[in-house]
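# Descriptive analysis of the structure
Residues per chain are reported as follows:
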Amino acid sequence: MMSDSTMAGSTIIGAANGLPAELTSPASDWWRSHAKVGMLAFLLSEVAFFSTLITTYVVFLRQTKAGNPSPAEVFHLPLVLTGTACLLSSSITIHLAEKAMRTGKRAGFLGWWGLTIVLGATFLACTGKEWHELICTYGLTISRNLFGSTYFTLVGFHALHVTVGLVLLSTIFLLAWRRALSEQDHTAAEVISWYWHFVDGVWIVVFTLVYLIGR
Amino acid sequence: MATVTQPAALERPFWTARLHEWAVTVDHKRIGIMYVVMAVVFLVIAGLEAEAIRWQLFVPENTFLGPDRFNQFFTMHGTTMVFFVGMPILIGIANYIVPLQIGARDMAFPRLNAFGFWVTLFGGLLAYFSFFIPGGPPAIGWFAYAPLTERAFNRGAGVDFWTLGLLVSGIGTIAAGVNFVATILTLRCPGMTLTKMPFFTWTMLWTSVQILLAIPPLTAALVMVEFDRALGAKFFNPQNDGSAYMWQHLFWFFGHPEVYILILPAFGMISEVIPVFSRKVLFGYEFMAAATMAIVFISMGVWAHHMFCVGMNRTLDMYFAAASLLVSIPTGIKFFNWLATMYGGRISLASPMLFACGFLSMFVLGGLTGIMLACAPFDFQVSDTYFVVGHFHWVLIGGTLFGVFAGIHYWFPKVTGRMLSERLAKWQFWLLLIGFILTFGPMHISGLLGMPRRIYTYLPDRRWQIWNQLSTIGALVQVPSYLLFVINIFWSLKYGQPAGDDPWDAWTLEWATPSPPPTYNFEAVPTIRSRRPLWDAKHPDDPDWKYE
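Residues numbered from 1 in each chain as written. Chains lettered and ligands numbered in written order. Predicted model: local features only at pLDDT ≥ 70, side-chain atom pairs only at ≥ 80, totals over all residues.

### Overview of the overall build of chain B
We apply this condition: Strands are runs of DSSP state E lasting at least two residues, helices are runs of H or I lasting at least four, and both sets are numbered from the N terminus onward. In this treatment the radius of gyration is a C-alpha quantity, and the globule benchmark scales as 2.2 Å times the residue count to the 0.38 power. Each residue is classed by its C-beta neighbour count within 10 Å, where at least 20 other C-beta atoms makes it buried, 12 or fewer makes it exposed, and intermediate counts make it partly exposed; the C-beta atoms are placed from backbone geometry. Once C-beta atoms have been placed from the backbone, residue pairs whose C-beta atoms lie within 7 Å are recorded as contacts.
Scanning chain B from terminus to terminus reveals 16 helices and zero strands. For 548 residues, the compact-globule estimate of 2.2 N^0.38 gives 24 Å, and chain B sits close to it at 23 Å. Judged by the C-alpha coordinates and their principal axes, chain B covers about 70 × 60 × 45 Å. Across the 548 residues in chain B, those meeting the buried criterion constitute 55%. The long-range fraction of contacts in chain B, counting pairs at least 24 apart against all pairs at least 6 apart in sequence, stands at 81%.

Okay, structure coming up:
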């Protein structure tokens, strides 16, 4: 893999998979890049996955609201809003990082990309603190009642996706830090940013449903 | 890849070297073959389970299996056929054929491809490991209705192995879906616009979209089952606000599209075989492609026709009945186009075409019982009887299996470089056809007589005995058919006629390479101008691209 990074231009995308250059195309046309189309296809499957969890949450909403403890008793919006603000703004910072990458500004890329990681980690920390409170103060666990089951499953799978995103982001960050980011990795960074935007988008729905409608 | 592993492999003894080559391969052709071999092995296992089930039902009050074993066997039979036979064999054949058909050198993500296969196989092994644990395999039926899957009713780990096995193999299937979409959309050879793709590739594109839409909901639902069982969550536990009904919706939201995942690739194989053996172009190509898309989208909204007897409400019943009937329109379009392709053609009844004709005649009957079942009032009468069992075996064997056999007999020469024995293939076909009709035809009657599915035995005064005995005899007639198939493969591998590049005088790109194709598929990447590039090459005076 590392030797690939010395090669230049768009051929690199094909070379990594042993495909000749004429079968792959410049990364600029997203519908011709198999990495990008592959990521979109994967995100489609993720949409189907989260839709199922979200639908389940909606279906059980009546029982959830009547749970003991109930959402109204345990949710504290300031903490959640802090996390939400971090996550949503991280969509902006990753966009700026990508822009810096395209124009070849290394420092700008590292700064914005690093800030994205910090914001994502802050979101996770907020979730962690919230869960700690829910479990230790209110005794709300996944097995306590249906509210606990649906809540921890939906929010937990979202947090898992944020965690995976942070691992991916950190990998790109380290490669860029060590100046080992190849042309191919630029495409990787771009599709990872798509994934990150998707995870943000899911949170908008989850936040609205769980913390606003579901209280 | 091969150049890297070779020096190490040469030092090993012959068999370990061979094994190592296959274990580390990322070549789409080898992965495709491994998928098919996996599917055939599981086909034999699930087939034996079916034979045991039929033997148990041969006479009233039989004690051959006993209730527990019987329940375990029909659960594992259904699960295996859908997840570890049906999908792997289709994905495997497509893995081999699609890159060749579109003039690519491999799938878009070769390593993801290998991952998908191994994960699918591991899922199958995980599910079957339940045979070796206390309590044995799950006895929950292939759709695993709640609350039977809850810890309170199933304390053994069988259900956990089942759940995790399906979850893991589902991830492999999603990986394959992502890979096919990326491959088909980005790796087509120069000149191959979407409307010039071979038709099998079209159906695989839509099958993959359907995989991406339908498998993840199952994954999510399986996670909930496992959370219920392992962590004490309440999703499907009606005593704690949960809902068993919710599971049915979630499962069938996956389960109905799943049957189209199983049939669409078979449609594609038929659409390759019928033109070649009728010596005509596929009739109504654009309509066929559009009908495939229509089937995918309509079939995403029909799932609750499996649940008419649950007692939803009248509006839902009417909606789901109407939507289900709607699917028959694009399917009908396909049927008439296949018939129109054959009409006036110079039809050769070589084995692939024989199976294709078997498909056409049998699948249409299964479709008709499907229309009957889509009508809610009729379904109220026969739901959960052998009529339903007869119906879905009719479409899955009469449709998917006949289609797959058509595909295997068509492409075997390409994969191995040798022809299958026509004589054995014809015996296989007729034994399968007769055995199949004899097995599943009587089930419609025993179902109408009121025999519920999944009962391990019945009383003699029910008048069900004769129909069950016919079914069992039919199941036994099928056995030599499958045996002949396996014998034919091994015999032909050794003694079959050499096939040459293009034994059927076909028109798509996979026939433009040697048989078997080299690792890199094509020496030079082909450029095409029409849907039938090989026709253009063979008839430069009258090429297709002038008319398309």
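### Some remarks on the overall build of chain A
A count of helices and strands for chain A gives eight helices and zero strands. Going residue by residue from the N terminus, the α and β elements of chain A occur as α-α-α-α-α-α-α-α. Across the 215 residues that make up chain A, the buried fraction comes to 39%. If you take every contact in chain A between residues at least 6 apart in sequence, the share linking residues at least 24 apart comes to 73%.

### A short note on the packing of helix α7 (residues 199–231) of chain B against helix α9 (residues 285–299) of chain B
Residue and element names in this part refer to chain B. As a reminder of what qualifies: Working convention: axes come from line fits to C-alpha atoms, limited for helices to the stretch in contact. Angles between N-to-C directions cover 0 to 180 degrees. Note on terminology: angles under 35 degrees are roughly parallel, angles over 145 are roughly antiparallel, angles of 65 to 115 are roughly perpendicular, and the others are oblique. For any helix crossing, the convention is left-handed if the near helix is rotated counterclockwise from the far helix by under a right angle, and right-handed if that rotation is clockwise. Gly falls in the polar group here, along with every residue not listed as nonpolar (Ala, Val, Leu, Ile, Met, Phe, Trp, Tyr, Cys, Pro) or charged (Asp, Glu, Lys, Arg).
Orientation of α7 relative to α9, taken along the N-to-C sense of each, is 15°, at an axis distance of 10 Å. Comparing their axes, α9 and α7 come out roughly parallel. You can see that α7 and α9 cross each other, and the crossing is right-handed. The segment α7 lies against α9, with Phe199, Trp202, Thr203, Trp206, Val209 and Gln210 engaging Tyr285, Met288, Ala289, Thr292, Met293 and Val296. The residue inventory of the contact of α7 with α9, partitioned by class, reads nine nonpolar, three polar and no charged.

### Here's the deal with the environment of Thr64(A)
Residue and element names in this part refer to chain A. Residue placement: Thr64 occurs in helix α3 (residues 61–65). Judged by local crowding, Thr64 falls into the buried class, with 23 C-beta atoms found within 10 Å. Each C-alpha atom of the pair Thr64 and Thr208 lies 15 Å from the other, and the pair is 144 residues apart in sequence. If near-sequence neighbours (up to four positions away) are discounted, Thr64 is found in contact with Pro71, Leu146, Phe147, Thr150 and Gly214.

### What about the environment of Leu140(A)?
Residues and elements named next belong to chain A. Mapped onto the elements, Leu140 comes out in the loop between α6 (106–136) and α7 (146–177). For the pair Leu140 and Phe152, spaced twelve residues apart in sequence, the C-alpha to C-alpha distance is 9.5 Å. For Leu140, the contacting residues outside a window of four places in its chain are Pro69, Val74, Leu134, Ile135 and Gly148.

### Focus: the interface of chain A and chain B
Contact residues are listed per partner, giving 29 residues for chain A and 35 residues for chain B. Where the side of chain A that touches chain B is concerned, the elements lending two or more residues are α2 (34–59) and α7 of chain A. With 13 residues, α2(A) is the largest single contributor of residues to the side of chain A that touches chain B. Broken down by class, the residue content of the side of chain A that touches chain B amounts to 14 nonpolar, 13 polar and two charged.

### Overview of the confidence of the model for chain A
The cut-off we apply is this: pLDDT expresses, on a scale from 0 to 100, how confident the predictor is about each individual residue.
Across chain A, the average pLDDT comes to 88, with 87% of residues at 70 or higher. Per-residue pLDDT stays below 50 along residues 1–27 of chain A; that stretch engages in 48 contacts with residues further than four places along the chain or on separate chains.

### Here's the deal with the environment of Leu401(B)
Residue and element names in this part refer to chain B. Looking at the secondary structure, you find Leu401 in helix α13 (residues 386–416). A count of 25 C-beta atoms within 10 Å places Leu401 in the buried class. Leu401 sits 138 residues away from Ile263 along the chain, and the two C-alpha atoms are 9.1 Å apart.

### Quick word on helix α14 (residues 422–448) of chain B
Applied cut-off: Each helix should span, by expectation, one fewer than its residue count multiplied by 1.5 Å.
A rise of 1.5 Å per residue sets the reference length of α14(B), with its 27 residues, at 39 Å; its end C-alpha atoms lie 39 Å apart and thus fit the reference within 8%. Positioned one or two residues after α14(B), Gly450(B) has a phi angle of 100°, which is positive.

### Topic: the packing of α2(A) against helix α8 (residues 183–213) of chain A
Residue and element names in this part refer to chain A. At a minimum axis distance of 11 Å, the contact between α2 and α8 shows a crossing angle of 15°. One way to sum up the angle between α2 and α8 is to call them roughly parallel. In the crossing of α2 with α8, the sense of the turn from one axis to the other is right-handed. When α2 is examined against α8, the residues Ala35, Lys36, Met39, Leu43, Glu46, Phe50, Ile54, Tyr57 and Val58 are found in contact with a partner set consisting of Thr187, Val191, Trp194, Tyr195, Phe198, Val202, Val205, Leu209 and Val210. For the contact of α2 with α8, the residue count by class is 15 nonpolar, one polar and two charged.

### Re unusual backbone geometry
Residues and elements named next belong to chain B. Between Ala146 and Pro147 the backbone carries a cis peptide bond, its omega angle lying at 0°. Along the chain, the position of Pro147 falls in the loop between α5 (110–129) and α6 (158–186). Even without being a glycine, Glu61 presents a positive backbone phi close to 50°. Along the chain, Glu61 falls in the loop between α3 (28–56) and α4 (67–101). Located in the positive-phi region is Asp384, a residue other than glycine, with phi close to 60°.

### Here's the deal with the confidence of the model for chain B
With 98% of its residues at a pLDDT of 70 or more, chain B has an overall mean of 95. Counting interchain partners and residues more than four positions distant, the pLDDT-below-50 stretch residues 1–5 of chain B has four contacts.

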